[in-house]
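What the coordinates show
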Amino acid sequence: MPQPPYIRTKPLMPGAVSRRTILKAGGTLLLSVFPVLPAAAAQILAVRVWPAADYTRVTLENDSDLKVTHFTVPDPQRLVVDIEGLELNPTLKSLVAKIQSGDPYIKQVRVGQNRPKVVRLVFDLKEEIKPQVFTLAPVGNYKHRLIFDLYPVKAVDPIAAMIEKGEWSRADAPPGNPELPTPAPKPPLTATPPPAATPALPAVVTPPVVVVVPPAQQPAPLPPAGPVLAQPAAPAPKPELPEPAPIRPDPPRVAAQKAEKDKNDKGGKVVRMMTIALDPGHGGEDPGAIGASGTREKDIVLAIAKRLKFKLEEQPNMRVMLTRDGDYFVPLGVRVDKARKVQADLFVSIHADAFMLPTARGSSVFVLSEKGATSTAARWLANKENLADAIGGVNIQSHDKQIASVLLDLSTTAQINDSMKLGKAVLGEISGIAKLHKGSVEQAGFAVLKAPDIPSILIETAFISNPEEEAKLRDNGYQDQIAAAITKGIKRYFAANPPLAKGRQT
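Residues numbered from 1 in each chain as written. Predicted model: local features only at pLDDT ≥ 70, side-chain atom pairs only at ≥ 80, totals over all residues. Heavy atoms only, no water.

The protein appears in an unreviewed UniProt entry as N-acetylmuramoyl-L-alanine amidase from Massilia genomosp. 1. Entered under Catalytic activity (unreviewed entry) in the UniProt record, the comment concerning the protein runs "Hydrolyzes the link between N-acetylmuramoyl residues and L-amino acid residues in certain cell-wall glycopeptides." (UniProt positions renumbered as here; feature names shortened; annotations may be inferred.)

Quick look at the nonpolar core
Within the largest apolar cluster, 41 residues are counted, with the highest numbers of intra-cluster contacts made by Ile 276, Val 426 and Ile 490. Counting residues per element, the ones that place at least two in this core are strand E12 (274-280), helix H6 (297-313), strand E13 (318-322), strand E14 (346-351), strand E15 (364-368), helix H11 (413-430), strand E17 (456-460) and helix H13 (476-496). Element by element, the count of residues in this core is highest for H13, at eight residues. Look past the residues within four positions of Ile 276 in its chain and what remains in contact with it is Leu 312, Met 318, Arg 319, Val 320, Met 321, Leu 346, Ile 490 and Phe 494. By size, the runner-up hydrophobic cluster in this structure holds 27 residues, among which are Ile 163, Val 336, Ala 339 and Leu 368. (Core = buried A, V, L, I, M, F, W, Y, C linked by side-chain atoms within 4.5 Å. Buried < 20%, exposed > 50% of the residue type's maximum accessible area, 1.4 Å probe, protein only. Helix = DSSP H or I, 4+ residues; strand = E, 2+ residues; numbered from the N terminus. Contact = heavy atoms within 4.5 Å.)

What to know about the pattern of salt bridges
Under the criterion given, the structure shown has 22 salt bridges. Close ionic contact of Arg 335 with Asp 279 constitutes a salt bridge, the shortest N to O distance being 2.5 Å. Of this pair, Arg 335 sits in helix H7 (residues 332-341) while Asp 279 sits in strand E12; the two residues are 56 residues apart in sequence, bridging distant segments of the chain. Classification of Arg 335 as buried rests on a relative accessible area of 3%. (Salt bridge = Lys/Arg side-chain N within 4 Å of Asp/Glu carboxyl O.)

Comments concerning helix H8 (residues 376-385)
All buried positions along H8 are accounted for by Ala 378, Leu 381, Ala 382 and Glu 385. On an axial view of H8, the arc spanned by its buried residues comes to 100°, and they lie on one face. (Arc of directions from axis to C-beta.)

Some thoughts on the sheet that holds E17
Read across the open sheet, the six strands follow the order E13-E12-E14-E17-E15-E16; overall the sheet is mixed. Each of the sheet's edge strands pairs with one partner strand only, and the pair in question is E13 and strand E16 (442-444). The average undirected angle you get between the axes of adjacent strands in this sheet is 30°. Two strands pair when backbone bridges link them, and E12 and E14 are joined in this way by five bridges, in the parallel orientation. (Pairing = 2+ DSSP bridges. Axes fitted to C-alpha atoms, helices over the stretch in contact; angles between N-to-C directions.)

A closer look at the side chain of Thr 461
With respect to the helices, strands and loops of the structure, Thr 461 is situated in the loop between E17 and helix H12 (467-474). Apart from the residues lying within four places of it in its own chain, the contact partners of Thr 461 are Ile 304, Ile 350, His 351, Ala 352, Ser 363, Leu 473, Tyr 478 and Ile 482.

Here we look at the sheet that holds strand E6 (residues 67-73)
Strand order in the open sheet formed by four strands is E6-E7-E9-E8, and the pairing between neighbours is antiparallel. Looking along the sheet, the strands with just one partner apiece sit at the ends: E6 and strand E8 (106-115). The mean inter-strand angle of the sheet, taken between neighbouring strand axes irrespective of direction, is 15°. As defined by bridge partners, strand E7 (residues 78-84) adjoins strand E9 (residues 118-125) across seven bridges and the pair is classed as antiparallel. Looking at E9, one finds that Ile 83 is bridged to Val 119.

Considering the pairing of E6
Strand direction decides the pairing type here: E6 and E7, joined by seven bridges, are antiparallel. When the bridges of E7 are listed, Thr 72 appears paired with Leu 79. Here E6 folds back onto E7 in antiparallel fashion, the turn holding four residues, of which Asp 75 has a positive phi close to 50°.

Quick look at the packing of aromatic side chains
In this structure the tally under the stated criterion is five aromatic pairs. For the ring pair Tyr 55 and Tyr 151, a centre distance of 4.8 Å and an interplane angle of 10° mean the geometry is stacked. Taken together, the residues span a long stretch of sequence, with Tyr 55 in the loop between strand E4 (44-50) and strand E5 (56-62) and Tyr 151 in strand E11 (residues 144-152) at a distance of 96 residues. When its relative accessible area of 26% is taken as the criterion, Tyr 151 is described as partly exposed. When the ring of Phe 123 is compared with that of Phe 148, the centres are 5.9 Å apart and the planes differ by 55°; the resulting orientation is tilted. Taken as a pair, Phe 123 in strand E9 and Phe 148 in strand E11 lie far apart in primary sequence, 25 residues in all. (Phe/Tyr/Trp six-rings, centres within 6.5 Å; stacked < 30°, edge-to-face > 60°.)

Structural notes on the packing of H6 against H13
Each pair of packed helices can be described by the angle between their axes along with the distance between the axes. The geometry of H6 relative to H13 is characterised by a closest axis approach of 9 Å and an angle of 50° between their N-to-C directions. Judged on the interaxial angle alone, H13 and H6 are oblique. Where H6 crosses over H13, the handedness of that crossing is right-handed. Contacts from Ile 300, Ala 303, Ile 304, Arg 307, Leu 308, Lys 311 and Leu 312 in H6 reach Asn 476, Gln 479, Asp 480, Ile 482, Ala 483, Ala 484, Ile 486, Thr 487 and Ile 490 in H13. Along the lines of polarity and charge, the residues of the contact of H6 with H13 split into ten nonpolar, three polar and three charged. (Parallel < 35°, antiparallel > 145°, perpendicular 65-115°, else oblique. Left-handed = near helix turned anticlockwise from the far one by under 90°. Nonpolar A, V, L, I, M, F, W, Y, C, P; charged D, E, K, R; others polar.)

Below is the structure:
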């Protein structure tokens, strides 16, 4: 039977799946069949590798969400990753050349088309690792990201790291600190500056030990004549105990008590090592603000932090821990946690941010606020800084709940008051070498300032969005001036607010 003239069809292409569309125009029905094209393979847009002592991150940026499976293989240690819906392209192949010989965890990576639309990555490892593999939705200037975080099985302990660098002694910790037995065997490695050197500590700790021990042993010399009483005289070797004294929890308390009794010609102020946590903002996947000339905030603040560390450690009784010492991302909560683990006396976060208008200029100092920001600009800036975890990329599923709790409502009024004192001292010194954005310390809800027991400030060294200030931030001389001013401010704060002995802190 002939087909009605008002129905027209297009022949079906061989092998095509039909999709029928009926259009009605002017009383005529048009029936058409179109082939369904196969879904295009995802495209890898960029690959980045961020090696660090804490962990190594590998990032694959792509134009769509990817399905991934992974597993580890021992002897030798390998991480195998299969990515579905992907065809091998030159960008992904370039990952091989991005692995550095100094990477602490990755020896090399192999990339290949395992089967149609499945790419396999094989990471040859230097040691056993705990991988975290997750995806990030588009944010900021980034498209979809596939993240591989390679953590060591035993996490890096900030105190152990400072011991190895000769910047920490067990005698610094308050009695009963449960974290210290782990690094206990490491003090022999500290061929270190005088404050932490093993030979120097007996000289400081020995006098209190000698003073305390003899009264308890004076009865022993009274009956030394009898040979049988040679056994009670066994405590005689105890004068040699000062050598292991730094490893015991008691000497710090004894030394602190003696310091308070003697007033040690410092006007009665307790003298001990003071630990300062310096926090260069951003890093790794999070570049921070970017100036008109391409200057990245993360690079500038790391350079300033390293200069500041050098200047602070030139001062007596000061040592410094950097929350990051290279170009890698550290979540906000981890920055706070690192400072608390080394029992920092101060936390100083360093930034060089941008504003919507390039005319904004000047340095600022911020502390935490529990009642809201002191200005609209402060609130805007805090909200922007608090996005660092989203931009840098945090694996929410494995985010440490204990660390996250630090960022809640644990901050105390005392901490904020001490932070204000520190902020005023630092701002006063910065005003001597730079224009201030505002002449007083501002407050806002910065997540990175929420250590409940550490005076904490955030310093905006200048506006990188201002062309003139961007040029100054790139200048080594200006970086040095900023570092010197912050050092003077910290010294002023400690002079007026000497810290208690660690054993007496609550």
